[in-house]
Amino acid sequence: DAKTTQPNSMESNEEEPVHLPCNHSTISGTDYIHWYRQLPSQGPEYVIHGLTSNVNNRMASLAIAEDRKSSTLILHRATLRDAAVYYCILRDVNAGGTSYGKLTFGQGTILTVHP
Amino acid sequence: DGGITQSPKYLFRKEGQNVTLSCEQNLNHDAMYWYRQDPGQGLRLIYYSQIVNDFQKGDIAEGYSVSREKKESFPLTVTSAQKNPTAFYLCASSMTGADTQYFGPGTRLTVL
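Participant: Looking at this model, I keep getting lost on the pairing of strand β5 (residues 43-51) of chain B. Mind explaining?
Facilitator: Along any regular strand, the residues point their side chains to alternate faces of the sheet. Residue and element names in this part refer to chain B. Of the pairings in the sheet, the one linking strand β4 (residues 31-37) to β5 comprises six bridges and is antiparallel in character. If you follow W34 over to β5, its bridge partner there is Y47. Taking the residues that link successive antiparallel strands as the turn, the β4-β5 hairpin has five residues, and the phi of G40 there is positive, at about 75°. Across three bridges, β5 lies against strand β6 (residues 54-57) in antiparallel orientation. Pairing of Y48 across the sheet is with Q56, part of β6.

This is how it looks when you write it as structure tokens:
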């Protein structure tokens with residue numbers, strides 16, 4: 001599986017934008033970039049995903065570099081409820097066998113939001 | 001409300017006992033998954049099932065067993081052969097293997 005690299009931790013103030021980076025220099029052409037987040041003592045929650053173009057949804061925006069070797073998850077106005085571990089995951093939906101459907105979680109970025 | 005339920009939230013067992021963790025979904029999803037999470041770590045895949053009566057081993061299947069007799073249910077048994085069973089166990093489902101996965105609230109298992 002192609003790997004991702006994220007900072008161990010980041011901090012933000014409430015109401016400010018947050019940019020969470022992810023490097024994936026070995027990404028393949030069929031890898032989608034997925035972001036999940038996990039609040040303390042809860043299961044992960046899907047945030048957003050994309051392939052080549054920037055994506056927006058009600059939770060966040062995903063900015064993908066032109067060469068696809070990096071991406072940035074953008075929370076436009078951080079709230080205290082956004083404090084979580086954010087995981088950047090590459091997922092090849094064309095993979096077969098034991099890779100089919102698998103999400104490979106790294107250690108993610110711990111986001112702390114200050115009031 | 002549609003979703004995934006896992007029970008119980010906390011579970012304590014004595015060493016050497018088998019224990020079964022429940023996972024139920026009413027999302028009409030074909031695919032279901034079990035992950036394990038250790039403190040400060042990401043999730044690791046134990047087993048997955050793409051359809052009823054079929055399941056496949058994930059990365060860390062040793063010491064675990066599953067069944068998929070019904071579409072909505074995917075119980076996980078942690079056997080006495082699992083050397084370090086204390087962990088946070090998460091169940092997930094998706095429409096197919098290629099779709100977004102939705103996670104349950106998790107079961108925290110402690111083996112004493």
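That covers the picture; the talk isn't over yet.
Participant: Looking at this structure, I do not really get the sheet that holds strand β3 (residues 31-38) of chain A. What am I missing?
Facilitator: Residue and element names in this part refer to chain A. What the five strands build is an open sheet, ordered β1-β9-β8-β3-β4; its pairing is mixed. The sheet is open, and its two edges are formed by β1 (9-13) and β4 (45-50), each paired on a single side. Strand after strand, the sheet turns through a mean of 25° between neighbouring axes, direction not considered. With eight bridges connecting them, β3 and strand β8 (residues 84-92) associate as antiparallel partners. Opposite H34, over in β8, you have I89 as the bridge partner.

Participant: What's the story with the nonpolar core in this structure? I'm lost.
Facilitator: Among soluble globular proteins, nonpolar side chains are generally buried collectively. In terms of nonpolar packing, the biggest core is built from 21 residues, with A:L20, A:I33, A:W35, A:L73, A:L75, A:Y86 and A:L111 touching the most fellow members. Of all the elements in the fold, those that place two or more residues in this core are β2 (18-23), β3, β4, β6 (61-64), β7 (70-75), β8 and β9 (109-114) of chain A. Per-element accounting of this core gives the leading share, four residues, to β8(A). With residues up to four places along the chain from it excluded, the contact list for A:L73 reads A:V18, A:H19, A:L20, A:W35, A:V47, A:I48, A:A60, A:S61, A:L62 and A:Y86. Counting residues in hydrophobic clusters, the runner-up holds 20 residues, among them B:C23, B:V66, B:F74 and B:A87.

Participant: I tried to follow the packing of aromatic side chains on my own but got confused; where do I start?
Facilitator: How two aromatic rings sit relative to each other is given by the distance of their centres and the angle of their planes. Applying the stated rule across the entire model yields 11 aromatic pairs over all chains. Ring geometry for A:F105 against B:F103: centres 6.1 Å apart, planes inclined by 85°, an arrangement best described as edge-to-face. Placement of the pair is A:F105 in the loop between β8 and β9 and B:F103 in strand β10 (residues 102-103), with the two residues belonging to separate chains. Residues A:F105 and B:F103 agree in their burial class; the two are buried. Arranged with centres 5.9 Å apart and planes meeting at 65°, the rings of B:Y64 and B:Y89 form a pair that is edge-to-face. Of the two residues, B:Y64 is situated in strand β7 (residues 64-66) and B:Y89 in strand β9 (residues 87-94); the sequence distance between them amounts to 25 residues. Looking at B:Y64, the relative accessible area reads 5%, which means it is buried. Looking at B:Y89, the relative accessible area reads 0%, which means it is buried. Taken together, the ring pairs connect A:Y36, A:Y46, A:Y87, A:F105, B:Y33, B:Y35, B:Y48 and B:F103 into an aromatic cluster. In this structure, B:R68 is placed above the aromatic ring of B:F74, and the distance from its NZ or CZ to the ring centre is 6.0 Å. The cationic tip of B:R108 hangs over the ring face of B:F88; the distance from NZ or CZ to the ring centre is 4.4 Å.

What counts, and where the lines are drawn
- Residues numbered from 1 in each chain as written.
- Chains lettered and ligands numbered in written order.
- Predicted model: local features only at pLDDT ≥ 70, side-chain atom pairs only at ≥ 80, totals over all residues.
- Heavy atoms only, no water.
- Pairing = 2+ DSSP bridges.
- Helix = DSSP H or I, 4+ residues; strand = E, 2+ residues; numbered from the N terminus.
- Axes fitted to C-alpha atoms, helices over the stretch in contact; angles between N-to-C directions.
- Core = buried A, V, L, I, M, F, W, Y, C linked by side-chain atoms within 4.5 Å.
- Buried < 20%, exposed > 50% of the residue type's maximum accessible area, 1.4 Å probe, protein only.
- Contact = heavy atoms within 4.5 Å.
- Phe/Tyr/Trp six-rings, centres within 6.5 Å; stacked < 30°, edge-to-face > 60°.
- Lys NZ or Arg CZ within 6 Å of the ring centre and 35° of its normal.

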